[in-house]
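Coordinate inspection notes
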Amino acid sequence: MKVIAIMGSPHKGKGFEIVQKIEVELSRLAEVEFSYIFLKDVNLKLCQGCFACIGKGEQLCPLKDDKNSIEAEILSADGVILSTPGYAMNVSALMKNFIDRFAHSLHRPKFFNQSLMLVANGGSGLSKVNSSLGMTLGGSNKVCELKITATPWDATEDYEQRVQKDIEKAAGRLYHSMQNKKLASPSLGNLIWFRIFKKMASLSEQNLPADYEYYRTKTDYFYPTRVNPIKNGVAGIIANIGVATMKKQVKFK
Ligand SMILES: Cc1cc2nc3c(=O)[nH]c(=O)nc-3n(C[C@H](O)[C@H](O)[C@H](O)COP(=O)(O)O)c2cc1C
């Protein structure tokens, strides 16, 4: 099993300590090839906002850096841990840039084989931090999230023990998800996501040619799976309302 941890802190601090503990727990459960990508050390340039990756395809990003090799590493992993400290109630700047550089995968999901664990550490606002982290690798299967209070000061022994238990539980969930690898059947939220993007893509051959091509061949969902007809109907109605609202605001072409 291969697990990759994407580290969003600008230093090897509390987040690193936490993820190292997760690594130890996972290694108790299975033979795991565990590696770290420290965003502070890789060459991942700041998104320039040209929209080429989203509109025309990620292969047309003008930035020449480590993005493609990072993506290949993620795609080859069974599990991905996204770790960030909470800074001003949000993800770190390094992690935000990582999120932006992978934003194309929210339009055209591709990380279907990756089980995802989110780890936010800080004092407050960690739910918001994890909700941002969850919108990073389109298609990945979020199996657990940790919100760990970690200030620059020491934690109490009681809290340390509680965190250890939470880490053990989360490591178990990640392990089981990687072991029983199967593509998740879509939730209502995922179906709505799919239907909105598919509909928008069908109206946007010129504006979003990459989306247009991606969704053209997809019928019920991103991948072949059983789709609950009731959920699908509800998703269709919600997607139609969403796209109708957008059509009043945006010229699709
Ligand atoms: C620039 C900056 C902003 C921060 N903002 C918050 C915050 O909004 N809320 C909070 O509780 N902690 C905040 N913290 C504290 C860190 O989230 C906390 O110490 C975290 O565990 C550090 O993780 P790290 O050592 O992995 O970088 C901030 C720290 C820094 C350096």
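Residues numbered from 1 in each chain as written. Predicted model: local features only at pLDDT ≥ 70, side-chain atom pairs only at ≥ 80, totals over all residues.

Here's the deal with the overall build of the protein chain
Along its length, the protein chain carries 10 helices and five strands. Dimensions of the protein chain, computed from C-alpha atoms along their principal axes, come out at roughly 60 × 40 × 35 Å. The burial tally for the protein chain puts 34% of its 253 residues in the buried class. Taking contacts inside the protein chain between residues at least 6 apart in sequence as the whole, the part at least 24 apart equals 79%. (Helix = DSSP H or I, 4+ residues; strand = E, 2+ residues; numbered from the N terminus. Buried ≥ 20, exposed ≤ 12 C-beta atoms within 10 Å, placed from the backbone. Contact = placed C-beta atoms within 7 Å.)

Digging into the pairing of strand S4 (residues 115–122)
A large share of S4 lies buried, amounting to eight of its eight residues. Alternating residues of S4 divide into Ser115, Met117, Val119 and Asn121 and Leu116, Leu118, Ala120 and Gly122, and every residue in both groups is buried. Examined bridge by bridge, strand S3 (residues 79–85) and S4 share seven bridges and lie parallel to one another. The residue bridging Gly79 from the neighbouring strand is Ser115, located in S4. (Pairing = 2+ DSSP bridges.)

Focus on helix H4 (residues 93–101)
Where H4 is concerned, the buried positions are Leu94, Met95, Phe98, Ile99 and Arg101. End-on, the buried residues of H4 take up no more than an arc of 165°, which puts them together on one face. Where H4 is buried, its residues touch strand S1 (2–7), helix H3 (67–75), S3 and helix H6 (126–133). (Arc of directions from axis to C-beta.)

Some points on the sheet that holds S4
The strand order across the open sheet built from five strands is S2-S1-S3-S4-S5, with neighbouring strands paired in parallel fashion. Either end of the sheet is taken by a strand with one partner, and the two such strands are strand S2 (33–38) and strand S5 (141–149). Neighbour-to-neighbour, the strand axes of the sheet open up by a mean angle of 15°, direction not taken into account. In terms of strand pairing, S1 meets S2 through six bridges, oriented parallel. Along S2, the bridge assignment pairs Ile6 with Ile37. Contacts between helix H1 (residues 14–29) and the sheet are confined to S1, S2, S3, S4 and S5, with S3 contributing the most and set at about 155° to the helix. (Axes fitted to C-alpha atoms, helices over the stretch in contact; angles between N-to-C directions.)

A few points about the domain arrangement of the protein chain
Taken domain by domain, the protein chain holds domain 1 (2–179) and domain 2 (188–247). Taking only C-alpha atoms, the centre of domain 1 and the centre of domain 2 are 27 Å apart. Across the boundary between the two partners, domain 1 contributes eight residues, which contact nine residues of domain 2. Within the side of domain 1 that touches domain 2, the residues separate by chemical class into two nonpolar, four polar and two charged. (Domains from an automatic or database assignment. Nonpolar A, V, L, I, M, F, W, Y, C, P; charged D, E, K, R; others polar.)

Some points on unusual backbone geometry
You will see that Phe51, though not glycine, has its phi angle at about 75°, which is positive. Non-glycine residue Ala88 carries a positive phi angle of around 50°. Judged by the 9 C-beta atoms lying within 10 Å of it, Ala88 falls in the exposed class.

As for the site of the ligand
The full set close to the ligand counts 18 residues, and Gly13, Gly15, Pro85, Gly122 and Gly123 are the nearest of them. Class assignment for the residues of the shell around the ligand results in six nonpolar, 11 polar and one charged. (Near = placed C-beta within 6 Å.)

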